[in-house]
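Residue-level structural notes
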Amino acid sequence: MITALITHPDCLEHVTPAGHPEQVARLEYILRALKDKDLQRIKAPMGSEDDIMRCHPASHITDLRSALPNVGSRALDADTHMSPGSLDAAFRAVGAVTKAVDMVMSGEAGNAFAAIRPPGHHCETSTPMGFCLFGNVAIGAKYALEHHGLKRVAVVDFDVHHGNGTQDLLWNEARALVITSQQMPLWPGTGERSDKGGHDNIVNLPIPPESAGDQMRALYTSEAFPRLRAFKPEMIFISAGFDAHQDDPLANLNWSTDDFKWLTQELCKIADEICDGRVVSALEGGYDLDALAEAVAAHVDALMEASA
Ligand SMILES: [Zn+2]
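Read on for a plain summary of the structure. Because the structure is a prediction, the values reported are computed rather than measured.

1. Considering the coordination of the zinc ion
Within the protein, Asp159 (OD), Asp159 (OD), His161 (ND1) and Asp243 (OD) serve as the donor atoms for the zinc ion, at 2.0 to 2.8 Å. Seen from the zinc ion, its four donor atoms lie at angles of 52 to 155°, and the figure they make is irregular. All donors of the zinc ion come from a single chain, and their spacing in sequence reads D-x1-H-x81-D. Remark: Asp243 occurs in the loop between β9 (236-240) and α8 (257-275) and Asp159 occurs in the loop between β6 (153-157) and α6 (164-170); sequence separation between them is 84 residues. The buried category is assigned to Asp243, whose relative accessible area is 0%.

Below you can see the structure in the form of structure tokens.
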């Protein structure tokens, strides 16, 4: 089978203020890095409000609609901004993930990568934050459970920041195992090991600043992979943030591009063992443009090798 690349030009119309790290160029660099790869290229549909409302109340959508500026930019908080194209971009981001679930479930694709922005893993139930407007991956997880009737899904979040939004949205969802690794201390300050979810379904794995990929490999091997295998999810979601890269300006971990490839390969191996290789990955962070493009290319190469 083939790997699907799901994206949409609308995701380039979410424009952040000059100098903001979560910038349009991130997606341009990524798409350039992927342009010669043998991928099934799909334009993301708009996400549906019904799918979003499995995670967020209707008021969250209404609030975003009323915050949308006609021109220029509006700050929702110190980090999170909306431009006139932001809401369409956010709906495409959700639609990319639900479309990815559909394609992998139907066998149209072996696995899928959603190249999307805005990212999603910091958005809480009613609070957009950390560049995120909707909880894209959590919405995808709920969609897989409710729309496709899966019994269990897992989310692995290797973005360098804590996936506080995904944790919040899936805290009481016993059918979802969330494994999130994060540099600690680091913004947003959450992600302690003692936070385990309403059903022991959240696994927080703090990583000390300045540590390198070998420490990550040991941590995932000893803790994340056994939990994943024991839970036996029927689909594995990846919140794929690349800001643990040694060149990233927003954090202080020292992972190499090869570390991202290794982690992706290991997750795909586990998916092969327990869920017919079903992996849906969605872009989160990653702010050094060259490192981001290179690491995403390595991540997608690993997905392609696994689906071949
Ligand atoms: Zn991040």
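2. Quick look at the pattern of salt bridges
On inspection of all chains with the given rule, the structure shows 17 salt bridges. Across the pair Arg229 and Glu273 runs a salt bridge, and its minimum N-O distance is 2.8 Å. Here Arg229, found in helix α7 (residues 213-231), pairs with Glu273, found in helix α8; they are 44 residues apart in sequence, far enough to count as distant. In this structure, Lys269 engages Glu266 in a salt bridge whose closest nitrogen and oxygen atoms are separated by 2.8 Å. Here Glu266 and Lys269 lie together in helix α8, a separation of three residues that amounts to about one turn. The exposure class of Glu266 is buried, given its relative accessible area of 17%. Members of the salt-bridge network, linked through shared partners, are Lys142, Glu146, Glu173 and Arg175.

3. Some remarks on the sheet that holds strand β10 (residues 279-283)
Taking strand neighbours across the sheet as the criterion, the eight strands line up as β2-β1-β5-β10-β9-β6-β7-β8 in an open arrangement whose pairing is parallel. Every interior strand has two partners, whereas the edge strands, β2 (40-43) and β8 (202-207), have only one. If you compare each strand with its neighbour and ignore which way they point, the axes differ by 15° on average. The pairing of strand β5 (residues 111-114) with β10 spans four bridges and is parallel. Paired with Ala112 across the bridge in β10 is Val280. With respect to the sheet, helix α5 (residues 136-146) is in contact with β6, β9 and β10, its orientation differing from that of β9 by roughly 170°.

4. What about the side chain of Glu22?
Looking at the element boundaries, Glu22 is found in the loop between β1 (3-7) and α1 (24-34). Taking relative accessible area as the criterion, Glu22 reaches 0% and is therefore assigned buried. A polar side-chain atom of Glu22 sits 2.8 Å from a polar atom in the side chain of Arg26. Excluding anything up to four places from it in sequence, Glu22 contacts His14, Thr16, Arg117, Pro118, Pro119, Phe131 and Tyr287.

5. What to know about the state of the cysteines
Evaluation of the coordinates by the stated rule reveals zero disulfides. No disulfide involves Cys11; its sulfur sits 13 Å from the nearest other cysteine sulfur, which is in Cys132. Classification of Cys11 as buried rests on a relative accessible area of 0%. We note that Cys123 lacks a disulfide partner, and the nearest cysteine sulfur, in Cys132, lies 6.9 Å from it.

Cut-offs used in this document
Residues numbered from 1 in each chain as written. Predicted model: local features only at pLDDT ≥ 70, side-chain atom pairs only at ≥ 80, totals over all residues. Heavy atoms only, no water. Donors = N, O, S within 2.8 Å, 3.2 Å for Na, K, Ca; no water. Tetrahedral: all angles 85-135°; square planar, octahedral: opposite > 155°, others 65-115°. Helix = DSSP H or I, 4+ residues; strand = E, 2+ residues; numbered from the N terminus. Buried < 20%, exposed > 50% of the residue type's maximum accessible area, 1.4 Å probe, protein only. Salt bridge = Lys/Arg side-chain N within 4 Å of Asp/Glu carboxyl O. Pairing = 2+ DSSP bridges. Axes fitted to C-alpha atoms, helices over the stretch in contact; angles between N-to-C directions. Contact = heavy atoms within 4.5 Å. Polar contact = N/O pair within 3.5 Å; in protein donor to acceptor, adjacent residues only side chain to side chain. Disulfide = S-S within 2.5 Å.

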